[in-house]
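Observations on the model geometry
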Amino acid sequence: MHKVSTTHGTLSILDHGSGRPILFIHGFPLDHTMWTAQVEAFEQTHRVIVPDLRGFGESSVASDVMSMARFADDLQECLSQRGVNSPVTVCGLSMGGYIAFELFRRWRPLVERLILCDTRAAADSEAARKVRYETAERVLQEGGDFLAEAMLEKLFSPKTLAKKKEIVEQTRQVIRQTSPEGIAAALKGMAIREDATPRLSEIEVPTLLIVGSDDAITPPAEMKLMEQQIPDARLCVVADAGHLAPLENPNIVNQSIREWLDD
Ligand code: MLT
């Protein structure tokens, strides 16, 4: 992992391979390791750039509220410091997708193509926002163990929970090791994120949408609506996968990315 010094702290980033760059942005409350199967699949043909977002993995925490715009600005700075000057394919999962929308809005020339996995365009409802703030407070007081237990059931498909216990366990450990301050800052940032729905029709770059067939957090129906609004979009529904499709069924996800990139 490389350490990149940015305006607001040090980010830890994996930067492997050569060729057209793909930036992989992890979901909440995870780290770069959720993309291990994609790194293995694409590092032979592409430059894969996989950061730990600020407050996650080995990246430092430096803010009370991490808005999606702040995460996006961090990534722009990271890419620039790593000498990436040409447009990249941006692949984000869930919170990583919210950040991808911001990268597209704020740093448009950086984005050549978009891959949006298990994410949504809509902002939080009032009720969802309230839960985010309550969860942030509780994590700061108690740590993230309760969150790991609460989230695992929702993150994975029934099949993954029953048959791929090592993935579930690894994810549990990643969440438990994440700093409470990082979790709280991202929760508050997601709570204030804008509704990206009105801008979907302006996304003129090729966009691949990927969703697990059993995703209980951002269900296929919601991603289908995104497909209808983004002009050049393709939707791939991944069998036997929940909210973490790239981790749960990497072969199908990697194949669909490869075919779409080669198209
Ligand atoms: C994620 O996987 O990043 C989260 O489910 C996003 C969210 O809580 O909205």
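To be clear, the structure that these remarks concern was listed above.
In this report, the structure presented in the accompanying data block is examined. (Residues numbered from 1 in each chain as written. Predicted model: local features only at pLDDT ≥ 70, side-chain atom pairs only at ≥ 80, totals over all residues. Heavy atoms only, no water.)

So, about the packing of aromatic side chains. Under the counting rule described, the total for this entry stands at two aromatic pairs. Seen in terms of ring centroids, F24 and W35 are 5.1 Å apart; in terms of plane orientation they differ by 40°. Their pairing is tilted. Placement of F24 in strand β3 (residues 21–25) and of W35 in the loop between β3 and α1 (36–42) is noted, with a sequence separation of 11 residues between them. A relative accessible area of 1% places F24 in the buried class. Arranged with centres 6.3 Å apart and planes meeting at 80°, the rings of F28 and F56 form a pair that is edge-to-face. Of this pair, F28 sits in the loop between β3 and α1 while F56 sits in the loop between β4 (47–51) and α2 (68–81), and the two are 28 residues apart along the sequence. For the pair shown, F28 and F56 are each scored as buried. Directly above the ring of W260 sits R113, whose terminal nitrogen or CZ lies 4.5 Å from the centroid. (Phe/Tyr/Trp six-rings, centres within 6.5 Å; stacked < 30°, edge-to-face > 60°. Helix = DSSP H or I, 4+ residues; strand = E, 2+ residues; numbered from the N terminus. Buried < 20%, exposed > 50% of the residue type's maximum accessible area, 1.4 Å probe, protein only. Lys NZ or Arg CZ within 6 Å of the ring centre and 35° of its normal.)

What follows concerns the side chain of T218. Mapped onto the elements of the fold, T218 is located in the loop between β7 (207–212) and α9 (220–229). The exposure class of T218 is buried, given its relative accessible area of 0%. Within the local environment of T218, its side chain forms a polar contact with the side chain of H243, the two groups lying 3.3 Å apart. Every residue in contact with T218, bar those within four places of it in the chain, is listed here: D118, T119, R120, V211, M223 and H243. (Polar contact = N/O pair within 3.5 Å; in protein donor to acceptor, adjacent residues only side chain to side chain. Contact = heavy atoms within 4.5 Å.)

The next point concerns the nonpolar core. Generally speaking, nonpolar side chains in soluble globular proteins are found buried as a group. Of all hydrophobic cores here, the largest spans 85 residues; its most connected members are L23, F28, F71, V90, M95, I99 and I210. By residue number, the principal contributor to this core is helix α3 (residues 95–106), which donates seven residues. Among residues more than four places away in sequence, those in contact with M95 are H26, G27, F28, L53, F56, M68, F71, A186 and M190. (Core = buried A, V, L, I, M, F, W, Y, C linked by side-chain atoms within 4.5 Å.)

Neighbouring residues of the ligand: G27, F28, S94, M95, Y98, R132, M190, I217 and H243. Within the backbone of M95, an N or O atom sits 2.9 Å from an oxygen atom of the ligand. Taking H243, its side chain carries an N or O atom lying 2.8 Å from an oxygen atom of the ligand. Against a free-state accessible area of 270 Å², the protein chains account for coverage of 94% of the ligand. A breakdown of the residues in the shell around the ligand according to their chemical character gives five nonpolar, three polar and one charged. (Near = heavy atom within 4 Å. Areas by Shrake-Rupley, 256 points an atom, 1.4 Å probe, with all protein chains shown as cover. Nonpolar A, V, L, I, M, F, W, Y, C, P; charged D, E, K, R; others polar.)

Position of H26 among the secondary structure elements: in the loop between β3 and α1. There is a polar contact of 3.4 Å between the side chain of H26 and the backbone oxygen of L30. Those residues in contact with H26, other than ones at most four positions away along the chain, are D31, H32, M34, W35, P51, D52, L53, F56, L93, M95 and G96.

With mixed pairing, the eight strands of this open sheet are ordered in space as β1-β2-β4-β3-β5-β6-β7-β8. If you trace the sheet from one side to the other, it starts and ends with β1 (2–6) and β8 (233–238), each paired once. Sheet twist, expressed as the average angle between the axes of neighbouring strands with direction ignored, equals 25°. Relative to strand β2 (residues 9–16), β1 runs antiparallel, the two being bridged by five bridges. Opposite T6, over in β2, you have G9 as the bridge partner. (Pairing = 2+ DSSP bridges. Axes fitted to C-alpha atoms, helices over the stretch in contact; angles between N-to-C directions.)

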